[in-house]
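One-letter residues, chain by chain:
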Amino acid sequence: MTSTRLPAPMGLLIDRGQPLTFEFAGQHYQGLAGDSIASALLANQRWLLSRSFKYHRPRGPLTMAGQDANTLVQLPDEPNVLADRFPLTAGLRAEGQNYSGSLDNDRGAALGLLGRFLPVGFYYRTFFRPLGVWDQWEKFIRKTAGLGHADLDFKPQYHDKAYRFYDVVIVGAGPAGLQAALTAATAGVSVLLVEEQSLLGGALSYHQFDADGERTAQQRHALVEQVQSTPNIDVMLNATCNGWFTDNYLPVIQGNRMHKVRARECIVASGAYEQHVVFRNNDLPGILLCSAAERLMSWYAVKPGQRAVVLTGNDEGYSTALMLHAQGVDVAAVVDLRPELHSPTLAQALAEQQIPLMQHSTVFEALATKGNKHLRGVDIRRISGRGQVDGHSTIIDCDLLCMSGGYMPAYQLLCQAGAQLSYSDERCAFSLSNLPDHLHIAGSVNGIHSLDKVLADGVRAATRALVNMGLSDGTPETVTCTRVVNPEWPIFPHPKGKEFVDFDEDLQAKDIVNATKLGYRDIQLVKRFSTVGMGPSQGRHSALPTARLVADATDRSVTETGVTTARPPFHAEKLAHIAGRIFSPYRQTAMHHRHLEMGAQMMPAGSWQRPAYYGPAAERDRWVQEEAQHVRSKVGVIDVSTLGGIEVRGPDAAEFMNRIYTFAFLKQPVGRTRYAVFTNEQGVVVDDGVASRLAEDHFYVSTTTSGADAVYREMTRWNAQWRLDVDIYNVTSAFSAVNVAGPDARKVMEQLVQDVDLSPEGFPYLAYREGTIGGIPARMMRVGFVGELGYEIHVPSSYGEALWDLLLEAGKPWAIRPFGVESQRLLRLEKGHIIVSQDTDGMSHPGEVGLEWAVNRKKPFFVGCRSVDIMMALPQKRQLVGFRLPGDSPRPQEGHLVLRGDNVTGNVTSCEYSGTMGGIIGMAYAAVADATPGSRIHIRVDGGQTVAAEVVSLPFYDADNARQEL
Amino acid sequence: MSQIKFDTPTRTQFSRRSPIYRQQAGALFGERDGAAIALQVSDDESRAQLQQGALLDLSATFRTGARGRAASQWLTQQQLPLPAQANQSVTTGDGELILRLGNSEFWILGNPLRENGALARQLQSAPATAGCYPLSCQHSHSWFALSGKCRSAVMAKLCGVDMRESVFGSGALAMTSVARVSAIVVSHELQGVPVFSILSDSTSATYMWQALLDALQEFGGSTAGITSLLPAN
């Protein structure tokens, strides 16, 4: 199919030289570059775009501005796309939504015949009893609920976020917004103009404020040109400000990016939504808002119909009729809801074009072609009272009905900011007040409708913003507009119904009234019971008639009734916009790539990536056993750079360490290390490490991998109170570290270290030394975590990879091999060493986990000392014990329960098969009565089976520590 | 002024290495302060590319720091100009960058275009007196430089601080979060080229490098070596 277009200057957005072929509902069409999907379809006389949610009624465009749900279509990879906003592209394929069969012949349309059996709140009232009935209905209801289908093979697109900062942000680039931007920019401030549509000008771009539209076009051209040539005004088109947050924090979505905009001053010039008139069949394709018809002509050069009727409650409808006539549409009548003539000039203009004017009348019913596919005529009646018509019917054949039932301010952003909506009976309209500081309002959203006054209001709002910034001492003059653009009561119930208040949810006038009759008097309850305003258009067109209907039915004023709460987002936004480009920082040690080159299986440890073991994952147990055995028999090396490192320096360093950790540190000799346990104020063990004394006033203490930041934070917090003369410095990233462990460790070290006496006497167990390794400055400690002769070597992290290479090369004669975290866990388990947070939990005090020896009870204070004293004085309920099982027994997993009869007395914290011990070994919390070596504890393993493990004394391996103290 | 050696060492010739040297495969390397630094990453890089948008790894360059109540006094004795206030930086006549991170914390960054051995020896260690403690920022932090007119827009995708030229001009410094990693961002000039220096946790250097490159791509930026800073280019 091909389309014909109106001549220029109609068609501001289209490029007539660029035809685009596309497909909708299985048929091929041709549109133009610049078209939306909907405009291209309407240019091809394709009006039926979707089916309504509840009754599957045929629907066509209503606003042509992305403000309604009538144009939601399905793209191959995206449901619920607004066809009147989505730009047409070559080869685009779109489908309708919410039908059974085909869009044109929808079997679901039969639901419309059942309308009276599906009253408001039907689901709430029907499917909750008898008990269990929901389970029967759920499958059916879920199938019919929802719109469109998600493509589960969809490849996620790149979305991200960006921050932007401006002195003044203006939301809406209509005449008020453009003028406000120009006024603000004269002061030299940075200005951002945010416009939802793809062109500047707002109503100036489609509505004719003068008889022939010439002056309107000139005004738009002048304003746009000035804005575009002003360097300190940034313009964002196709951008939606989706919320207002405190201090003018504005999320603006444009394309795949969410801009997080900060503004010192914000001016909302968001305009007003033209409203529909409520009458029977007001949802037929071919019935649209006056502004939508104007957009179709002005933006897309699409002639919206051949024979039109205009139904209006204001003078704007007269302009629409004149514009339609000028573009070759036969305007059969202008039907004015108002009893009096407001603009003799416009009435005269209609008369000159021989367009009949019917005053104080309304369309009572729209007449449809077969299957409600399109409008074929209207039944016009004289208005006899509020919402009432007389019996005399005038039928006019037409294929287009343009309606304007007044305007509703685009209040959402302002109400999010705390503005108050009040209804004026005189103007039959809502207005906004009580704006927070630094938020301003201008134009039709402020109830100003005459163009000259709209421009003046833009100046006023911008001047007010400049005054706030100290850039103007002018007193902005208040702008008032007395024009009444809303008819008093554009709602005309019909005995046969189908006069829709909310198109999204197929809600009729009687549905709203019935909700109040059932006791839901509050507007918020009416919303939740009837679902009015809960659809995609979020009450843009239903809020005003609903407020009027509820107020009338409950005998209250419209102000008292109000509208429902407006919350962000203003427009539907994708989770991808909220997520953005997800930042997931990770940390790698200096040796990371060496691990990968050696075949390591990496495992996460907080944000760190650590080698678990080296070799294919399918043989995990083999590698763990081999690596552990190698450390026991030869020598291995493990990257321990992820351990936290904190320097404590200054005259009070020893006193500080003495207060932070449970052990005594005042008399720790320089050149010695000491185990350091950190308890919190509740006396719970929360971290441990090794503290080396480098000098009288200098300690270097390690923490667990995951505990570094928390320990550092606690240290600085405590010293904020203690005011000791120390510097606390987190050097975790500044140092790389390895542990060279095994009977041959000293031989390897001797290859590389010349300036330190490595003999057992010169560098004994638990000693600290400084020297160089292959020329690299190093801190060295004799440690015993894995239970073998071991050296922990710390070097500045830039040297970490070189250190690794040196050790692997020097260790070749002794077959040195790397071992991973899982192998280390087995080795330390054999030695009975705990891992804080694996073998401890949120209640573990030092006595429960065998760390009494690491607590100095003679010193006056350490963090948590009082709680430790109290808890250790109480009868102990559980104890961390070692247990063993035969090698062929089911292996308990960490977390498996320890039972005593029917009572849970603890859980397994660590468990692994040990080749060295020839069986399964582990640690678990058990009842104190079961903690004696030789006792048996009962562990429930996978499958519900219970195994009886023998409690043994710790450590499992090398009880006299002979090997680590070599 | 410039002292770049074109002796093309391998990336791993030195024991001290940049945490992201692997990210610059194929680059031509030179020595800087005892470590390899990328001189040239691609054949066509130039100062024009720096204007377009470029990311440079300066991690090899010498840097140190001192903090404590006596730190400013000691640094002043070393004839170093100090920023008057926290969150500011100054560039010395020799192209070194002095950062003031707080009232009592200072970082000294060497000139990436010359050897900084003399400065390193001068600042080898702070005096062993209370109130002046040396800092290991050479190893704890990577040092990247982001150039180009787009640099504020690039940072706007990663960081919540307003870094437009008008509010974050030369000398400004922010300790903030960049792509969810703690970082120090400094606005200054390198050989007359406006840049942001970004100093962040060296263990997250690969992540940070990739996040910056990802943000830079939109503007046609890429990686570059330090020779692109030379006026001849």
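Numbering of residues starts from 1 in every chain and runs along the sequence as written. Chain labels run from A onward and ligand labels from 1 onward, assigned in the order the entries are written. Restriction of local features to residues with pLDDT of at least 70 applies here, the model being predicted, together with a cutoff of 80 or more for giving and counting side-chain atom pairs; totals for whole chains, interfaces and linings are based on all residues. Side-chain calculation: all heavy atoms of the structure are included, whereas hydrogens and water are not.

A. Structural detail: helix 8 (residues 344-352) of chain A. Residues and elements named next belong to chain A. Taken together, the buried positions of helix 8 are Leu-346, Ala-347, Ala-349 and Leu-350. Down the axis of helix 8, the buried side of the element spans an arc of 155°, and every buried residue falls inside it. Away from the buried face of helix 8 by more than 90 degrees, exposed residues Pro-344, Thr-345 and Glu-352 are located. If you follow the buried residues of helix 8, they end up packed against helix 7 (316-326), strand 17 (330-336) and strand 18 (357-358). Secondary structure elements are defined from DSSP: runs of H or I of at least 4 residues count as helices, runs of E of at least 2 residues count as strands, and each element is numbered from the N terminus. One or two positions beyond helix 8, positive phi appears at Gln-354, with a value near 60°. Burial classes: relative accessible area under 20% of the type maximum marks a residue as buried, over 50% as exposed, and values in between as partly exposed (1.4 Å probe, protein chains only). By arc we mean the arc of the directions from the helix axis to the C-beta atoms, nothing more. We call two residues in contact whenever any of their non-hydrogen atoms come within 4.5 Å of each other.

B. Representation of the nonpolar core. All names here are of chain A. With 89 residues, the main nonpolar core has Phe-24, Phe-279, Leu-311, Leu-324, Val-378 and Leu-401 as its most contacted residues. Broken down by element, this core gets its largest block of residues, seven residues, from helix 6 (residues 290-300). For this analysis, a nonpolar core means a set of buried residues of the types Ala, Val, Leu, Ile, Met, Phe, Trp, Tyr and Cys, connected via side-chain atoms within 4.5 Å. Of all hydrophobic cores here, the second largest spans 39 residues; its members include Val-677, Val-711, Leu-829 and Val-952.

C. Region of the structure containing the interface of chain B and chain A. Contacts between chain B and chain A engage 38 residues on the former and 37 residues on the latter. Accessible area that two parts lose when put together, evaluated with a 1.4 Å probe and summed over both, is termed the buried area. Contact between chain B and chain A buries roughly 3,300 Å² in total, counting both sides, with carbon and sulfur atoms accounting for 47%. Salt bridges are identified by distance alone: a Lys or Arg side-chain nitrogen within 4 Å of an Asp or Glu carboxyl oxygen. Across the chain B-chain A interface, the total number found is ten salt bridges. Between Asp-805 of chain A and Arg-17 of chain B there is a salt bridge, and its shortest N-O distance comes to 3.5 Å. The definition of a polar contact used here is a pair of N or O atoms within 3.5 Å, where within protein one atom must be able to donate a hydrogen and the other to accept one, and adjacent residues in sequence count solely through side-chain atom pairs. If you look at where chain B meets chain A, you find 25 residue pairs in polar contact (both at pLDDT 80 or more). Elements that contribute at least two residues to the side of chain B that touches chain A include exactly strand 8 (133-135), helix 4 (137-140) and helix 6 (205-217) of chain B. Tallying contributions element by element places helix 6 of chain B first for the side of chain B that touches chain A, with five residues. Broken down by class, the residue content of the side of chain B that touches chain A amounts to 14 nonpolar, twelve polar and twelve charged. Note on residue classes: Ala, Val, Leu, Ile, Met, Phe, Trp, Tyr, Cys and Pro are nonpolar, Asp, Glu, Lys and Arg are charged, and everything else, Gly too, is polar.

D. Representation of the sheet that holds strand 35 (residues 685-695) of chain A in the model. Residues and elements named next belong to chain A. Think of it this way: DSSP has to see at least two bridges between two strands before they count as a pair. The sheet built from five strands is open, its strands ordered 34-35-36-33-37 with antiparallel pairing. The open sheet has two edge strands with one neighbour each: strand 34 (673-679) and strand 37 (727-730). Averaged over all pairs of adjacent strands, the angle between their axes in this sheet comes to 25°, without regard to strand direction. Pairing geometry for strand 35 and strand 36 (residues 698-703), over four bridges, is antiparallel. Paired with Ser-692 across the two strands is Tyr-700, which belongs to strand 36. In the packing of helix 19 (residues 708-722) onto the sheet, the strands contacted are strand 33 (644-649), strand 34, strand 35, strand 36 and strand 37, and the crossing angle to strand 37 comes to about 165°. Axes here mean lines fitted to C-alpha atoms, for a helix over just the part in contact, with angles spanning 0 to 180 degrees between N-to-C directions.

E. Unusual backbone geometry, seen in detail. Residues and elements named next belong to chain A. With an omega of 15°, the peptide bond running from Ala-8 to Pro-9 counts as cis. The omega torsion of the bond from Pro-568 to Pro-569 falls at 0°, within 30 degrees of zero and hence cis. With respect to the secondary-structure elements, Pro-569 resides in the loop between helix 14 (558-561) and helix 15 (575-579).

F. Up close: the environment of Thr-475 of chain A. One can find Thr-475 of chain A in the loop between helix 10 (451-468) and strand 28 (500-502). Expressed as a C-alpha distance, the spacing of Thr-475 of chain A and Arg-460 of chain A, which sit 15 residues apart in the sequence, is 8.7 Å.

G. Representation of the pattern of salt bridges within the structure. For the coordinates displayed, the defined rule picks out 61 salt bridges over all chains. Between Asp-621 of chain A and Arg-620 of chain A there is a salt bridge; the shortest N-O distance is 2.6 Å. Residue Arg-620 of chain A is classed as buried on the basis of its relative accessible area, which comes to 19%. Lys-157 of chain B serves as the salt-bridge partner of Glu-218 of chain B, at 2.7 Å between the closest nitrogen and oxygen. A residue pair is termed long-range when its members are at least 10 positions apart, and Glu-218 of chain B in the loop between helix 6 and strand 13 (222-223) and Lys-157 of chain B in the loop between helix 5 (151-156) and strand 10 (173-178) qualify at 61 residues. Residue Glu-218 of chain B is classed as partly exposed on the basis of its relative accessible area of 44%. The class for Lys-157 of chain B is buried, based on a relative accessible area of 7%. Each of Arg-594, Glu-597, Glu-801 and Asp-805 of chain A together with Arg-17 and Arg-22 of chain B takes part in one network of salt bridges that share partners.

H. Expanded view of the packing of helix 11 (residues 509-517) of chain A against helix 12 (residues 523-530) of chain A. Residues and elements named next belong to chain A. Relative orientation of the contacting elements helix 11 and helix 12 amounts to 115°, with a least axis distance of 10 Å. Two packed elements cross with a definite hand, and for helix 11 against helix 12 that hand is right-handed. Note on element contacts: helix 12 touches helix 11 through Val-526, Phe-529 and Ser-530, opposite Ile-512, Ala-515 and Thr-516. Taken together, the residues that form the contact of helix 11 with helix 12 break down as four nonpolar, two polar and no charged. A clockwise turn of the near helix away from the far one marks a right-handed crossing, whereas an anticlockwise turn of less than a right angle marks a left-handed crossing.

I. Structural context of the packing of helix 17 (residues 620-633) of chain A against helix 22 (residues 821-830) of chain A. Residues and elements named next belong to chain A. One can describe the packing of helix 17 onto helix 22 by two numbers: an axis separation of 9 Å at closest approach and a directional angle of 55°. By the angle between their directions, the pair helix 17 and helix 22 is classed as oblique. The chirality of how helix 17 crosses helix 22 is right-handed. For the pair formed by helix 17 and helix 22, the contact residues are Arg-620, Trp-623, Val-624, Gln-625, Glu-627, Ala-628, Val-631 and Arg-632 on the first element and Glu-822, Ser-823, Leu-826, Leu-827 and Glu-830 on the second. Looking at the contact of helix 17 with helix 22 residue by residue, the class counts come to six nonpolar, two polar and five charged. Angle categories are assigned with fixed cut-offs, so that under 35 degrees is roughly parallel, over 145 is roughly antiparallel, 65 to 115 is roughly perpendicular, and the rest are oblique.

Read these as geometric descriptors, not functional statements.
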